[in-house]
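Descriptive analysis of the structure
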Amino acid sequence: MRGKTTKKMAAGILSAAMMATMLTGTAFADDVITVNFWTAPEQYNLELWTSYAEKFNASDVELDGKKVEINVQMMPAQPSSEAGIQNAIATGTVPAISENINRSFANILAESQSVWDISGEDWFADIVAERKIEDTVAAWAIDGSQYVLPLYVNPITLCYNSHALKTLGFDSVPQTTEDLKALLDAYAEHQEELNEEGISHFMYRAELLNSANYWERWFDIEAPYNAFAKGTPLVDGNTLTADRDALQKVFELYGNMGSSLLTGTIDGVWQQETVPVVMGCGLPWEISANDAAGKVYGLDGDYVFGPTLVENAEDVHYNYADSKGLVLYKNDAISDEEHQGAIEFLKFVFTGEGKDTFDIDWLNDTAMLPVRGDLETNESLTAYFDEHPALKDVGSFVADALPGMAHEKGADIMTALGEEAVIPFVNEVAASGGINENPDVSKYVDAAMEAMKNAGGLE
């Protein structure tokens, strides 16, 4: 009897203990607000944001007596991160917050009321002031509202072969269209000498013949257009606002290069032992690969960045901002507590405990420029830029970088621009032209204007 009694007592004790454990677990879960955060589909983004989530979680931030915890995951990227986000919105599995949102996609999300307008929020104003990005966020406005907290920017300008510049007698990079014409004339005069050095063409841009990747038009058309148009956008709202004269100057720019425009594919053109061109598009994400290939930055090195070209020396060198940021999602599956918890995390990172370390951590982990209005003067970043002169130079272009159009058919618009104007122009004019021949490009500019208007259903 005693044995059975003991077993019954033991079973009772065990059952009570299990019940207590279950109750404790339930109580603990009820006392935690779990906020899901999706990072861009890159391992370094996941690791960086995880580290800040861990710091935040350890700081025991509470809302109404409940602990806020950030749960970090990498967003799905197949067939694209945008498609993954839209699917998550439709299925109620979207996170409270994510990064990796550009202005065009933000407009699509705003149209479907899937993201929060943060323009009137005090915490947003505090972050804008702390990061000195008042002018930057003004360019991100969509119908007078703000949906994105800009995170990083790659200003797209131009890149030059320092050895070629030296051979051609230039000790600085071109600033104006006249400067470039002078460089083209020098190239034509010294072509034989350059060929002996392995420099066979003036500019490399294989992507001019690629219409499938619509975003390439941001880099080879919109970036120089922004400078010539003095900041007038291609599209504003549902209106084609493109400055035709400025767009013509872009086509003339490439037309004056003629057959010296290299459109055959060369993987890692700037990492070649001998770079076969004088210039190309200035793409900041190539810096890491250049460093790994042993390339030295600067006029006395292997390559150097220069600004987009302008007609007059006093004009602003506007360029294209390849930029993305963070948004807060509005969905029935996201509770108000989770939304507020996401805001607490942003405050922690950008105006709280993380504000003095985030930007240098971001630079070290991603090699992409954080959106700050004081990149050139911020003392916490001085040592980094001294060690990375290429990014320091690129950083000087950030203030003049303009984000892309906020239109739901932005991809269609840029695809049509490539298919109906850029590719025909390169094949029919540039491929058979000579240096500084000033070809008539008006037919292709008209085609570009019409293609964009029709593709976007623009006024």
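Scope of this entry: the structure provided in the associated data block. All values derive from a computational prediction rather than experimental measurement.

Within the chain one finds 18 helices and 14 strands. Expressed along its principal axes, the backbone C-alpha trace of the chain runs to roughly 110 × 50 × 40 Å. Of the contacts made within the chain by residues no fewer than 6 positions apart, 76% connect residues no fewer than 24 positions apart. For the chain, the exposed area adds up to about 20300 Å²; of that, 47% sits on carbon and sulfur atoms. Of the charged side chains in the chain, 27 are positive and 74 negative; the average position of the first set lies 11 Å away from that of the second.

With that settled, the discussion passes to the environment of P439. With respect to the helices and strands, P439 occurs in the loop between α17 (410-428) and α18 (442-456). Along the chain, P439 and F345 lie 94 residues apart, while their C-alpha atoms are 55 Å from each other. When neighbours within four sequence positions are excluded, P439 is seen to be in contact with G255, N256 and V429.

Of all the positions in helix α5 (residues 122-131), only W123, F124, I127, V128 and R131 are classed as buried. For α5, the angular spread of the buried residues around the axis is 140 degrees, confining them to a single face. Elements in contact with the buried residues of α5: α6 (134-140), β5 (149-161), β12 (319-328), α13 (336-350), α14 (358-366) and β13 (369-370). A positive phi of about 55 degrees marks K132, the residue just after α5.

Another aspect to go through is the packing of aromatic side chains. Taken as a whole and assessed by the stated rule, the structure comprises 24 aromatic pairs. Ring centres of Y214 and W215 lie 5.2 Å apart, and the angle between their planes is 75 degrees; this geometry places the pair in the edge-to-face category. One aromatic cluster in this structure is built from F37, W49, Y52, F56, Y152, F345, F348, F350, F358 and W362. Directly above the aromatic system of W116 lies the positively charged group of K330, at a separation of 4.6 Å from the ring centroid.

What follows deals with the side chain of D322. Assignment of secondary structure puts D322 in strand β12. We note that D322 is buried and unpaired, the nearest opposite charge coming from K324 at a distance of 6.4 Å. The residues contacting D322, other than those within four sequence positions of it, are Y152, V153, N154, I156, W218, F219 and W285.

Scoring rules and cut-offs
Residues numbered from 1 in each chain as written. Predicted model: local features only at pLDDT ≥ 70, side-chain atom pairs only at ≥ 80, totals over all residues. Heavy atoms only, no water. Helix = DSSP H or I, 4+ residues; strand = E, 2+ residues; numbered from the N terminus. Contact = heavy atoms within 4.5 Å. Areas by Shrake-Rupley, 256 points an atom, 1.4 Å probe, with all protein chains shown as cover. Lys, Arg positive; Asp, Glu negative; His and termini not counted. Charge placed at Lys NZ, Arg CZ, Asp CG, Glu CD. Buried < 20%, exposed > 50% of the residue type's maximum accessible area, 1.4 Å probe, protein only. Arc of directions from axis to C-beta. Phe/Tyr/Trp six-rings, centres within 6.5 Å; stacked < 30°, edge-to-face > 60°. Lys NZ or Arg CZ within 6 Å of the ring centre and 35° of its normal. Salt bridge = Lys/Arg side-chain N within 4 Å of Asp/Glu carboxyl O.

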